[in-house]
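Chain by chain, the residues run as shown.
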Amino acid sequence: MSQLYWHGGDTLPILKDRASSDPDNNVRSTAVQMLARGWKDDPGTLPMLKDRAISDSDNNVRSTAVQELARGWKNDPDTLPMLKNCARSDADSNVRSTAIRELASGWKNDPDTLPWLKGRARSDTDNNVRSTAVQVLARGWKDDPDTLPWLKDRARSDESSFVRIAAVQVLARGWKGDSDTPPWLKDRICSDKDNTVRSTALHELAHGWKDVPATLLWLKDRARSDENSAVRIAAMQELALGWKDDPDTLSLLKDRVRTDENHEVRRAALRELALGWKDDPDTLPLLKNKALADEHYAVRCTAVGHLARGWKDDPDTLPLLKDLARSDTDQGVRIAAVQALGRGWKDDPDTLPLLKERARSDTNLYVRYWAVQELARDWKDDPEFIAIVTEAHTIQ
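These remarks concern the structure in this document. (Residues numbered from 1 in each chain as written. Predicted model: local features only at pLDDT ≥ 70, side-chain atom pairs only at ≥ 80, totals over all residues. Heavy atoms only, no water.)

1. What to know about the overall build of the protein chain
As a reminder of what qualifies: Helix and strand assignments come from DSSP, with helices taken as H or I runs of at least 4 residues and strands as E runs of at least 2, each series counted from the N terminus. A radius of gyration in this sense is built from C-alpha atoms; the matching globule rule multiplies 2.2 Å by the number of residues raised to 0.38. In what follows, a contact means two residues having at least one pair of non-hydrogen atoms within 4.5 Å.
Across its full length, the protein chain carries 23 helices and zero strands. Relative to its length of 396 residues, the protein chain is extended, with a C-alpha radius of gyration of 30 Å against a globular reference of 21 Å. Across its three principal directions, the C-alpha atoms of the protein chain cover 80 × 60 × 35 Å. Contacts in the protein chain between residues far apart in sequence, at least 24 positions, make up 59% of those at least 6 positions apart.

Spelled out as C-alpha cells, the structure:
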C-alpha cells in the first residue's frame with residue numbers, strides 16, 4: 001500500500017476503492033487509515049470513514065474507522081453519536097471496546113460521558129467490553145468521589161470473573177494510598193466465589209504492600225490455612241518470589257509438599273522447591289519421595305520432570321525413572337518417565353531396550369504410543385522399528 005504514494009493523482013481514488021472493495025480486510029483497514037491521515041480535507045474522506053465504521057464486514061476495519069473518526073473528526077457533530085451507537089450496537093465486542101476507549105479519551109470533559117460509561121460497564125452483554133469500561137473509567141475519573149465505591153461494587157457484583165478481576169486490579173493499583181484498600185483486597189481474597197479473582201487479589205496485595213510487615217504474616221497464614229487451594233498456591237508463589245530469604249518460606253513449602261491435602265498445592269510447592277531451592281539438602285529426597293510415593297499421579301509426574309531436568313547426574317535418578325516407566329500404576333507417570341528417558345538418556349545402553357519393551361508390552365495404548373514416538377525421534381533406523389510400530393498398534 002505504501003507504493004500508492006508514488007502514484008500522484010491516482011492515489012486517492014485507488015485508496016477509496018481499496019477501502020471499500022478490496023477482498024483483504026488488512027488492505028481495507030490500511031486504506032482507511034491512510035485516507036484518514038493523508039486526505040483529511042478531501043470531502044469524500046469523512047463519508048467514507050462513516051460508512052466503513054458502520055458497514056464493513058470485518059471488525060478490524062470497523063475498529064480502525066472508529067478510531068480515525070474519533071481522533072481526526074472529534075468536532076464533527078455526527079462523531080460522538082456515531083461512537084455511542086458503535087459502542088452500544090456493533091455486533092463485535094472489539095469494535096464496542098474501541099469505541100468506548102476513544103469516547104473516554106476524547107470526550108472526558110463531556111458531562112454525559114461518565115454516566116454513559118457506567119451504563120456500558122453494567123449492561124453490555126460481553127465481559128471484555130464491560131472490563132474495558134471499568135478500566136477506562138478508573139483511569140480517567142480517579143478523582144471522582146463516586147469512582148471508588150462504584151469500582152468496589154463492580155468487583156463484588158459483576159457476574160463475570162473477568163470483569164471482577166479488572167476491577168480488583170485497577171482498584172489495587174490506583175488506590176494504593178487508600179488505607180481501606182488492603183482490607184478490601186483481603187475480603188476479596190476470602191470471599192469471592194471465583195479462584196482466579198481471589199488469586200488476583202492476593203497477587204495485588206503481595207506486590208503493592210510488600211514492605212508492610214503484616215503482608216508477610218498474612219501470606220503465610222493464607223498459604224497454610226486458606227480453605228481454597230488456588231489461594232494457598234498463590235500465597236506460596238508470592239512467598240517464594242518475594243520472600244525467598246525469609247527463614248519460614250522454605251519450611252512452609254516443605255510442609256505444603258508433605259502435608260497439603262490438595263494435589264495441586266503439593267505440585268506447586270514442589271515446583272517452587274525444585275526451582276528455587278535446588279541446593280537445599282531436603283529438596284532432592286523430597287522429589288524422589290514424591291515421584292515414588294505421592295498418592296496423586298500428577299504430583300508424581302511433576303516430580304519426575306524436575307528430577308530428569310535438574311538432577312540428571314544424580315546416581316539414583318536413572319534407576320528411579322526406569323522403575324517408574326515399568327511399574328508405576330498410572331499411565332501418565334509411565335509416559336513421563338518414558339519421555340524423560342528417551343530425551344535425557346539416549347546413550348544409556350538400557351534406554352533403547354526399555355523403550356522397545358514399553359512399546360511392545362505396556363498394557364496401556366497411550367504409553368505404547370509415546371514409547372513409539374520416542375523411538376521414532378532417535379531410533380527410527382533401528383531394524384526392529386517398523387515391526388514394533390505395527391505390534392504396538394495391534395495390541396488391544
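2. Topic: the packing of helix α13 (residues 213-225) against helix α15 (residues 247-259)
Rule in force here: The axes used here are C-alpha line fits, helices contributing only the stretch in contact, and every angle between their N-to-C directions lies in the interval 0 to 180 degrees. Angle categories are assigned with fixed cut-offs, so that under 35 degrees is roughly parallel, over 145 is roughly antiparallel, 65 to 115 is roughly perpendicular, and the rest are oblique. Gly is placed with the polar residues, together with every amino acid not listed as nonpolar (Ala, Val, Leu, Ile, Met, Phe, Trp, Tyr, Cys and Pro) or charged (Asp, Glu, Lys and Arg).
Where α13 contacts α15, the two axes come as close as 10 Å, and the packing angle between them is 10 degrees. Taken as axis vectors, α13 and α15 run roughly parallel relative to one another. Contacts between α13 and α15 pair K220, A223 and R224 from the former with D248, L252 and R256 from the latter. Among the residues making up the contact of α13 with α15, the classes are represented as two nonpolar, no polar and four charged.

3. Some details on the packing of helix α18 (residues 297-310) against helix α20 (residues 331-344)
For the pair α18 and α20, the least separation of the axes is 9 Å and the interaxial angle reads 10 degrees. When the axis of α18 is compared with that of α20, the two are roughly parallel. Of the residues in α20, those in contact with Y297, R300, C301, V304 and A308 of α18 are G332, V333, A336, A337 and A340. Its residues assigned to classes, the contact of α18 with α20 comprises eight nonpolar, one polar and one charged.

4. Here we look at the packing of aromatic side chains
The geometry of two aromatic rings is summed up by the distance between their centres and the angle between their planes. Using the following cut-off: Classification of ring pairs uses Phe, Tyr and Trp, with its six-membered ring standing for Trp, and accepts pairs whose centres are within 6.5 Å; under 30 degrees between planes counts as stacked, over 60 as edge-to-face, and the remaining range as tilted. Only protein chains enter the calculation, and the probe is 1.4 Å; a residue is then buried if its accessible area is under 20% of its type maximum, exposed if over 50%, and partly exposed in between. For a Lys NZ or an Arg CZ to count as sitting over a ring, it must be within 6 Å of the ring centre and within 35 degrees of the ring normal.
Under the criterion given, the structure shown has one aromatic pair. Seen in terms of ring centroids, Y369 and W370 are 5.1 Å apart; in terms of plane orientation they differ by 85 degrees. Their pairing is edge-to-face. Among the residues examined, W370 registers a relative accessible area of 30% and is labelled partly exposed. Seen from the ring of W73, K40 lies directly overhead, with NZ or CZ sitting 4.9 Å from the centre. Of note, K210 hangs over the ring of W243, and the distance from its end group to the ring centre comes to 4.9 Å.

5. Details of helix α22 (residues 365-378)
Convention followed: Take the number of residues in a helix, subtract one, and multiply by 1.5 Å to get its expected span. By definition, the arc is the one covered by directions from the helix axis to the C-beta atoms.
In this model, α22 (14 residues) spans 21 Å end to end at C-alpha, consistent with the 20 Å of a helix rising 1.5 Å per residue. Within α22 the residues assigned to the buried category are V367, R368, A371, V372, E374 and L375. In an axial view of α22, the angular spread of the buried residues amounts to 160 degrees, which keeps them on one side of the axis. Those residues of α22 that are buried lie in contact with α20, α21 (351-361) and α23 (385-394).

6. Quick word on a nonpolar patch on the surface
The criterion, for reference: A patch consists of residues exposed above 30% relative accessible area that lack any salt bridge, with like charges linked at up to 9 Å and nonpolar side chains (Val, Leu, Ile, Met, Phe, Trp, Tyr) linked at up to 5 Å. Residue-level accessible areas treat just the shown protein chains as cover; the underlying method is Shrake-Rupley with a 1.4 Å probe. For salt bridges, the criterion is a side-chain nitrogen of Lys or Arg within 4 Å of an Asp or Glu carboxyl oxygen.
On the surface, a nonpolar cluster with roughly 400 Å² of combined accessible area is contributed by L365, Y366, Y369 and W370. Note that Y369 resides in helix α22. Exposure remark for Y369: the relative accessible area of 35% places this residue in the partly exposed category.

7. Description of the pattern of salt bridges
Evaluated as defined, the whole model comprises 49 salt bridges. Taken together, the shared-partner salt bridges in this structure form one network comprising R122, R130, D153, R154 and D158.

8. Regarding the environment of L69
One can find L69 in helix α4 (residues 59-72). The buried category is assigned to L69, whose relative accessible area is 4%. Sequence separation of L69 and K356 is 287 residues, and the distance between their C-alpha atoms is 66 Å. If sequence neighbours within four positions are ignored, L69 has contacts with L46, L49, K50, A53, K74, T79 and M82.

9. A short note on the side chain of R130
Assignment of secondary structure puts R130 in helix α8 (residues 127-140). R130 has contacts with R120, A121, R122, D124, T125, D158, E159, S160 and V163, leaving out every residue within four places of it along the chain.

10. Some points on the side chain of R52
Its location among the elements puts R52 in helix α3 (residues 45-55). Given a relative accessible area of 9%, R52 falls into the buried group. If sequence neighbours within four positions are ignored, R52 has contacts with A19, S20, V32, R62 and A65.

11. Let's talk about the environment of A70
On the secondary structure map, A70 appears in helix α4. What makes A70 buried here is its relative accessible area of 6%. Counting along the chain gives 29 residues from A70 to D41, while the straight-line C-alpha distance between them is 15 Å. Residue contacts for A70: discarding those within four places in its chain leaves T79, L83, E102 and W107.

12. Description of the environment of L185
Residue position: L185 is located in helix α11 (residues 181-191). Put simply, L185 and V170 are 15 residues apart on the chain and 12 Å apart in space, counted from C-alpha to C-alpha. In this structure, L185 is in contact with V168, A172, A201, L205 and W209, ignoring residues within four places of it in sequence.

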